[in-house]
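Observations on the three-dimensional arrangement
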Amino acid sequence: MRARAECKRSVLTMRARAGRERCVLVLAVLVLLWPGARCSFQPALVLAMARVLLDNYCFPENLQGMQEAIAQAIRSGEILRISDRKTLAGVLSAGVQGALNDPRLTVTFEPNYVPAAAPALSLLSREQLVRMVRSSTKLEVLDNNVGYLRLDRILGRDTAAKLGSFTQEQVWNRVARTSALILDLRHSLGGELSGVPYVVSFFSDPEPPVLIESVYERPANATRELWTLPRIPGQRFGRRKDLIVLTSKRTNGAAESVAYALKHLNRAIVVGEKTSGGSVRVDKIRIENSGFYITVPVARSTSPVTGQSWEVNGVTPSVAVRPKEAVSKAKALLAARGAIPKAVQSVAKLIERYYASRDKVKVLLEHLQNTDFFTVTSEEDLAAKLNYELQSVCEDPRLVIKTTSESPAVTEEPEAGPNDPPPNLQLDDIFKVEIRSGNSGYLQINRFPDASTLIRLEEQMVEKVWEPIKDTDHLVIDLRSNDGGPSEGLPMILSYLYDPAPPLRFFTLYDSVQNTTTEFHTLPSLSGAPYGSQRDIYVLTGSHTAAAGEELAYLMQSLRRGTVVGEITAGNLLHSRSFRAPGTSIIVTVPIVSFLDNNGETWLGGGVVPDAIVLAEEAEEMASEIVLFHGEMQVLVEGAGQVLEAHYALPEVAARVHDVLRAKWREGSYRPVVDYESLASQLTSDLQEASGDHRLHVFYCDVEPETAQEPARVPSGEEAGYVIDALFKVELLPGEVGYLRLDVMPDGEVLRAVGEALVTQVWSRLVQTSALVVDMRYNTGGYPSSIPLLASYFFDPAPPTHLYSVYDRASGNTTRVTTLPQVTGHRYGAHKHVLVLTSHMTGSAAEAFTRVLKELGRATVLGEATLGGALSSGMFQIGSSILYASVPTQAVLSAANGQPWSASGVEPDVPAQGSDALAVARRIIAARQLQQDSKTPGAAKQPKQDSKTITAA
């Protein structure tokens, strides 16, 4: 905490410095502009005043440049003459106050002023101090053991020590025994800042220590921190009991410090007026031997909580009232706050009794028990606080706490809900059936009856609903006008949409009122033949689809049984009821039913988002288009698997992924797919998840995509220099360290064509360095044919080093890639230190080059994990559609173990942010050089260059 306070002070100092330019000789400028100037004054007076400010003003950072600016203005000879000394004092006051925005800075002309020495408390006897305390302190115990303590002066540490146990026995121990306290500072006009820690500590816990404020004193150029005390004489009032602090516009000095600290430490509610805005310490200082004086704040206070202070601006009350009404308001607040524990307990009991998400109840109750309600001043505040705290923990928008001034229709026990069906429902009131073009079944469900009604009507339902649609190719269920009904009727309707075996659990309901858990499964026996699980179903929704209609739409999605088309549903199925917390106007809306789907996920209600969002009146037309698309979708999914099996570099992985695609199709995972775009996205996700290879992509394109890489054009001799400048960036860093940045991997033939120029312009500058940094952070790839040539420079010519092998799926051949026996120019060799810098952008051939040097122990890789690209990917059309698959066709086999390289990228040996990688590399190289120098005889005679290198790094 002390470190955090120091950091805040530093921030404040930097902020203050930002404003120093505005005060560059304010004083002289105002003197220049004074209209009544007639006679001269000593310029030395202004300079002397500036020196007083520079030596004593508590914001010295605001005064930078003032003395020099004043001198320059005086030398300019433009200072006008002011005859009247008091007028001059007024001009100087206005100037310094306006420039520094500090009304406490005042210049006066008082040639006969004699400083009045304030009576020092240290000179008073103990008896005199006791009389002073009795006259400035008043303690009463009000009804309900509420204490009232009036303090007209904050006693300092030394004064309290001289009084001994008197104040402890007569004041603080008696206050500690009260149940709540009104601390009256309305008449406290001052006191000693050294007494603030004791007062704040009395209302705090012993641990942990808390920084109250920091005080910077300019004359001593020192900062002292005021902390709560781990030990105080006698008892503490503690942190748990209610505390209200009364203030007025007369409250000043140390009393303001107490009020400000208790307020912003969330320990007290401040009631009354805004305080006077005094100061820690203001001195009236004579300006050399003149009759002029300047009043200067020589110390400043800073709160670690706010970064600001009570000085000048005062303490703003939490509850603003006139001072004469403050006590009665405090009593009313304490009475209201006295009801908080009971109100919180009532809310907790309602949650414990009715909240259906039982796994969250314990956490919510523990959070309520530990929540701080010290800032709550009304029932509205309490409701808002409770709502915020509970929402932050449970993240359930159905759990709502609020107040109401009306008498809401809420009950302690829930009554029948609005979704209960009307009696004597007939089949025609519920269902409408049609067979439409394209052998499409159409079933409109207007409302969901309860289970008993469906059982009563089942024979009719078989004859008039399920029998007519049993031979259709697909089924459209229209819920656009369905306003709900009870959930218990859903299992029978869902059972007709599934095969009779195997049995399936549709959903589970937990009712907290009845404390029952009910699972709903496919019914073991039906009166008619079911529609079955294989044919597609399309559910139409509108903004009026509600209650059980929303549940059916949600279940068709979560069970992957159908495709939902239309508008987002009403979102009013929250399974919640509202209760009043006894004795309050607080209303608690609690979810009393927990709805768990087939996957064990809790549905929080709210609107169901369709797979295809269109206006309700356009939903049927859109469903017809999706039906046509689904007619070809199975062929496309199968085609994606076939492309993978034909071309993917690892055949055994391709076969496994193809089986996964078939299984997902059978499970209905592709029913939410409604167009080519969403199919491409779903296939990409499934391919990558099943294979673990993020390089697999499916996308749709109206025109055949271009090939990823065209043959590179070999540059002419005249173009070689331009090519090298474009590809390579070279630097010599301190300590004989080379730096080579390469942002693209060029074609091998291009490198050979520019070889002589490359050696002259690039390599000759690097080959003699003692260490080399190869920067691949911005290299996204290029041509893998350059890898053997570039890598050869980092290995000895013989024997050839095996870099990696490439298995090509199309030809079935495996090619062994090695270093070259001959290169243009000198090699860097196999022993000098090489670091390769990487980032999350490093990919493809750049990544392969990096992996080779790392696997063979030739370089240290530093930076971020690389992208994870492929050396070669092919683009293949899926059937004759507009879908294309990007498939890696080659597998790169490690020279170290013969296994395929991972598709997840290269992990660095030394992790670092990409932006910091070069600086980290320089530090590592410098440390290695220092270590080597320490082992080299005679190295101590020539350390200068290396030491500079280390410092720079």
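Our structure's up above, just so we're on the same page.
Residues numbered from 1 in each chain as written. Predicted model: local features only at pLDDT ≥ 70, side-chain atom pairs only at ≥ 80, totals over all residues. Heavy atoms only, no water.

Here Ser678 shows up in helix α21 (residues 676-691). Of the residues examined, Ser678 reaches a relative accessible area of 24% and is grouped as partly exposed. A polar side-chain atom of Ser678 sits 3.1 Å from the main-chain amide nitrogen of Val674. (Helix = DSSP H or I, 4+ residues; strand = E, 2+ residues; numbered from the N terminus. Buried < 20%, exposed > 50% of the residue type's maximum accessible area, 1.4 Å probe, protein only. Polar contact = N/O pair within 3.5 Å; in protein donor to acceptor, adjacent residues only side chain to side chain.)

A few words on the packing of aromatic side chains. Overall, the coordinates contain 25 aromatic pairs when judged by the stated rule. With centroids separated by 6.0 Å and ring planes inclined at 90°, the aromatic side chains of Trp763 and Phe794 adopt a geometry described as edge-to-face. Residue Trp763 is found in helix α24 (residues 755-766), and its partner Phe794 is found in the loop between α25 (787-792) and β29 (802-808); the two are separated by 31 residues along the sequence. When its relative accessible area of 3% is taken as the criterion, Phe794 is described as buried. Three or more aromatic residues joined by ring pairs form one cluster here, namely Trp172, Tyr198, Phe202, Phe203 and Phe237. For Lys241, the ring lying beneath its charged end belongs to Phe237, and the centroid distance is 4.4 Å. (Phe/Tyr/Trp six-rings, centres within 6.5 Å; stacked < 30°, edge-to-face > 60°. Lys NZ or Arg CZ within 6 Å of the ring centre and 35° of its normal.)

This next bit is on the environment of Leu425. With respect to the helices and strands, the residue Leu425 is situated in the loop between β12 (400-403) and α15 (427-430). Residues Leu425 and Leu457, spaced 32 residues apart in sequence, show a C-alpha to C-alpha distance of 9.2 Å. With residues near it in sequence (within four places) discarded, Leu425 still touches Ile430, Pro449, Thr453, Arg456 and Leu457. (Contact = heavy atoms within 4.5 Å.)

What follows concerns the sheet that holds strand β8 (residues 269-272). With respect to topology, six strands assemble into an open sheet ordered β2-β3-β4-β7-β8-β11, the strand pairing being mixed. Sheet topology places β2 (137-142) and β11 (319-320) at the edges, where each strand pairs with a single neighbour. When strand β4 (residues 180-184) meets strand β7 (residues 242-247), the two strands line up parallel, connected through five bridges. Counted as the bridge partner of Asp184 is Leu246 from β7. Helix α6 (residues 126-136) contacts β2 and β3 (146-151) of the sheet and is inclined by roughly 50° relative to β2. Its contacts with the sheet place helix α8 (residues 166-176) against β2, β3 and β4, and it is angled at close to 30° to β2. (Pairing = 2+ DSSP bridges. Axes fitted to C-alpha atoms, helices over the stretch in contact; angles between N-to-C directions.)

Take the pairing of strand β26 (residues 728-733) next. With six bridges joining them, β26 and strand β27 (residues 737-742) adopt antiparallel strand pairing. Pairing of Phe728 across the sheet is with Leu742, part of β27. Between β26 and β27, which pair antiparallel and follow one another directly, the connecting turn spans three residues, one of which, Gly735, has a positive phi of 85°.

Time to look at α21. With 16 residues, α21 should reach 22 Å at 1.5 Å per residue; the first-to-last C-alpha distance of 22 Å fits that figure. When α21 is considered as a whole, its buried residues turn out to be Leu679, Ala680, Leu683, Thr684, Asp686, Leu687 and Ser691. Structurally, α21 contributes buried residues whose contacts are with α19 (619-647), α20 (651-667), β25 (697-700) and β34 (883-888). The positive-phi residue at the C-terminal boundary of α21 is Gly692, with phi of around 75°. (Expected span 1.5 Å × (residues − 1).)

It is worth spelling out empty space enclosed by the protein at this point. The full count for this structure, using the stated rule, is six cavities of 30 Å³ or more. Phe728, Leu740, Leu742, Leu758, Val759, Val762, Trp763, Val774, Leu790, Tyr793, Phe794 and Phe849 are the residues that line the largest cavity. Elements with a contribution of two residues or more to the lining of the largest cavity: β27 and α24. Broken down by element, the residue count for the lining of the largest cavity peaks at four residues, all from α24. (1 Å grid on protein atoms, 1.4 Å probe; cavity = no way out; pocket = protein on both sides within 12 Å on 5 of 7 lines; lining within 4 Å. Points joined across faces, edges and corners; volume = space filled by probe spheres on them.)

In this section: the pattern of salt bridges. Going through the model one piece at a time under the given rule, you end up with 33 salt bridges. Linking Glu620 and Arg480 is a salt bridge whose minimum nitrogen-to-oxygen distance equals 3.5 Å. Linking Glu620 in helix α19 with Arg480 in the loop between β15 (474-478) and α17 (490-495), this pair joins segments that are 140 residues apart in sequence. Of the charged contacts in the structure, one is a salt bridge between Arg695 and Asp693, with a shortest N-O distance of 2.8 Å. (Salt bridge = Lys/Arg side-chain N within 4 Å of Asp/Glu carboxyl O.)

Bringing the nonpolar core into the picture now. Residues Leu382, Phe431, Ile445, Met461, Leu497 and Ile586 are the most contacted members of the largest nonpolar core, which totals 73 residues. Of the residues forming this core, the biggest block, eight residues, is contributed by helix α12 (residues 340-354). When residues no more than four places from it in sequence are discounted, the contact partners of Ile445 are Ile430, Phe431, Ile477, Asp478, Leu479, Asn482 and Leu552. Formed by 47 residues, the second largest nonpolar core is a distinct cluster that contains Ile724, Val774, Ala845 and Ala846. (Core = buried A, V, L, I, M, F, W, Y, C linked by side-chain atoms within 4.5 Å.)

Here the residue pair Ala501 and Pro502 is connected by a cis peptide bond, since its omega of 0° sits within 30 degrees of zero. Within the secondary structure, Pro502 sits in the loop between α17 and β16 (505-511). Here the bond from Ala798 into Pro799 is cis, since omega is -10°, no more than 30 degrees from zero. One can find Pro799 in the loop between α25 and β29. Of note in this structure, Asn144 is not a glycine but carries a positive phi near 60°. Looking at the secondary structure, you find Asn144 in the loop between β2 and β3. Since its relative accessible area comes to 72%, Asn144 is described here as exposed. In this model, Glu288 sits at a positive phi of 50°, which is unusual for a non-glycine residue. Look at Glu288 and you get partly exposed, because its relative accessible area is 47%.

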